[in-house]
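Analysis of the macromolecular model
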Amino acid sequence: MIRLEHIHRYFQVGEHTVHALNDINLTINKGEYVSVMGPSGSGKSTLLNIVALLDRPSSGRYVLNDIDVIQRSDDELARIRRENIGFVFQFFHVIPRLTAAENVEMPMILAGINPKERKQRVLEALAAVSLQDRIHHKPNQLSGGQLQRVAIARAMIMRPEVVLADEPTGNLDSKAGLEIMELLENLNRQGVTLIMITHDQVLGSRALRRIRIVDGQIE
Ligand SMILES: Nc1ncnc2c1ncn2[C@@H]1O[C@H](COP(=O)(O)OP(=O)(O)OP(=O)(O)O)[C@@H](O)[C@H]1O
Ligand SMILES: [Mg+2]
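Residues numbered from 1 in each chain as written. Chains lettered and ligands numbered in written order. Predicted model: local features only at pLDDT ≥ 70, side-chain atom pairs only at ≥ 80, totals over all residues. Heavy atoms only, no water.

A tally of helices and strands in the protein yields seven helices and ten strands. Taken over the C-alpha trace, the protein has a radius of gyration of 17 Å; the compact-globule value for 219 residues is 17 Å, and the two agree within 12%. By principal-axis analysis of the C-alpha atoms, the protein measures approximately 50 × 40 × 35 Å. Sequence separation of at least 24 residues holds for 71% of the intrachain contacts in the protein that already meet a minimum separation of 6. In the form shown here, the protein has an accessible surface area of approximately 11000 Å², with 49% of it arising from carbon and sulfur atoms. Distance between charge centres in the protein, computed from 26 positive and 26 negative side chains, equals 5 Å. (Helix = DSSP H or I, 4+ residues; strand = E, 2+ residues; numbered from the N terminus. Rg over C-alpha atoms; globule rule 2.2 N^0.38 Å. Contact = heavy atoms within 4.5 Å. Areas by Shrake-Rupley, 256 points an atom, 1.4 Å probe, with all protein chains shown as cover. Lys, Arg positive; Asp, Glu negative; His and termini not counted. Charge placed at Lys NZ, Arg CZ, Asp CG, Glu CD.)

Moving on: the site of ligand 1. Near ligand 1 you find 14 residues, and of these Ser40, Gly41, Lys44, Ser45 and Thr46 are the closest. Note that an oxygen atom of ligand 1 is positioned 2.7 Å from one of the side-chain N or O atoms of Lys44. When residues of the shell around ligand 1 are traced back to their parent elements, those giving at least two are β1 (2-13), β2 (16-28) and α1 (44-51). If you tally residues by element for the shell around ligand 1, the top one is α1, at three residues. Looking at the shell around ligand 1 residue by residue, the class counts come to five nonpolar, seven polar and two charged. (Near = heavy atom within 4 Å. Polar contact = N/O pair within 3.5 Å; in protein donor to acceptor, adjacent residues only side chain to side chain. Nonpolar A, V, L, I, M, F, W, Y, C, P; charged D, E, K, R; others polar.)

Looking now at the sheet that holds strand β9 (residues 209-214). Two pairing modes exist for strands in a sheet, parallel and antiparallel, and in both the strands are linked by backbone hydrogen bonds. What the six strands build is an open sheet, ordered β6-β7-β8-β3-β9-β10; its pairing is mixed. The sheet terminates laterally at β6 (85-88) and β10 (217-218), the two strands that pair on one side only. In terms of strand pairing, strand β7 (residues 162-166) meets strand β8 (residues 193-197) through five bridges, oriented parallel. The residue bridging Val163 from the neighbouring strand is Leu194, located in β8. Helix α2 (residues 74-84) rests against β6 and β7 of the sheet, and its axis sits at about 80 degrees to β6. (Pairing = 2+ DSSP bridges. Axes fitted to C-alpha atoms, helices over the stretch in contact; angles between N-to-C directions.)

Take the pattern of salt bridges next. The full count for this structure, using the stated rule, is 14 salt bridges. Residue Arg72 pairs with Glu76 through a salt bridge whose shortest N-O separation is 3.4 Å. For Glu76, a relative accessible area of 31% corresponds to the partly exposed category. Salt-bridge contacts for Arg121 lead to Glu117; the nearest nitrogen and oxygen are separated by 2.8 Å. Residue Arg121 and its partner Glu117 are located together in helix α4 (residues 115-128), separated by four residues, close to a single helical turn. Several salt bridges converge on common partners, so that one network encompasses Arg3, Glu5, Arg61 and Asp68. (Salt bridge = Lys/Arg side-chain N within 4 Å of Asp/Glu carboxyl O. Buried < 20%, exposed > 50% of the residue type's maximum accessible area, 1.4 Å probe, protein only.)

For the coordinates displayed, the defined rule picks out three cavities of 30 Å³ or more. One number sums up the size of the largest cavity: a volume of about 50 Å³. Taken together, Ile2, Leu26, Ile28, Val36, Leu47, Leu48, Val51 and Ile195 form the lining of the largest cavity. Within the residue set of the lining of the largest cavity, elements represented by two or more residues are β2 and α1. Element by element, the count of residues in the lining of the largest cavity is highest for α1, at three residues. A per-class count over the lining of the largest cavity returns eight nonpolar, no polar and no charged. (1 Å grid on protein atoms, 1.4 Å probe; cavity = no way out; pocket = protein on both sides within 12 Å on 5 of 7 lines; lining within 4 Å. Points joined across faces, edges and corners; volume = space filled by probe spheres on them.)

From the geometry alone we can't say anything about function, so treat these as descriptive.
Here it is as structure tokens:
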């Protein structure tokens, strides 16, 4: 479960302060499917990055599965993130010099899982996103939709409870976008909590719960 209480995030740029999140209060239960919408610059990515433990709020409380994460060190946060959270980005963020298999394997190397188990799990994860015949391809040898499927396989490889997606279909055509949506929604049906930012009304309305952010506040 995710609980945010009175979260603020300020960014200081020169002598100018941006109040990107302004008193966010939000509880998301295990297994929910939530879409996050709102105008450009309203704070959606800032919010998701905090939930993903990629960024810290300026003030407020964040409790993830009964752990008060704000109190934890960066190393602890990295471990909590690796074990609990998968993240899918608009621009894929796969590592260019690694193959599809090596990209998916990376979180398991960081977690110290043995090579035999890693290999087995990589094959399963790539098969689950229908990329069993692209295992040794590098990112520049894959389409956008395929890259996003590699990113989903990588996000799922540690079997996280929560998957966060920041405009996962933003750089895909509608057919590839729909395939990505179906993969993510299928994970949700298996019990994974899914939180997805989208600019697309139609895609956003597929979620059972919709959150709208304007000027750093939930409407
Ligand atoms: N690292 C940063 N330093 C300074 N300002 C930032 C930083 N990150 C975000 N901001 C500012 O915070 C506000 C919220 O940004 P954010 O990226 O969360 O918006 P968004 O809702 O995701 O927008 P978009 O739909 O365009 O992706 C914006 O005004 C942005 O300029
Ligand atoms: Mg954004």
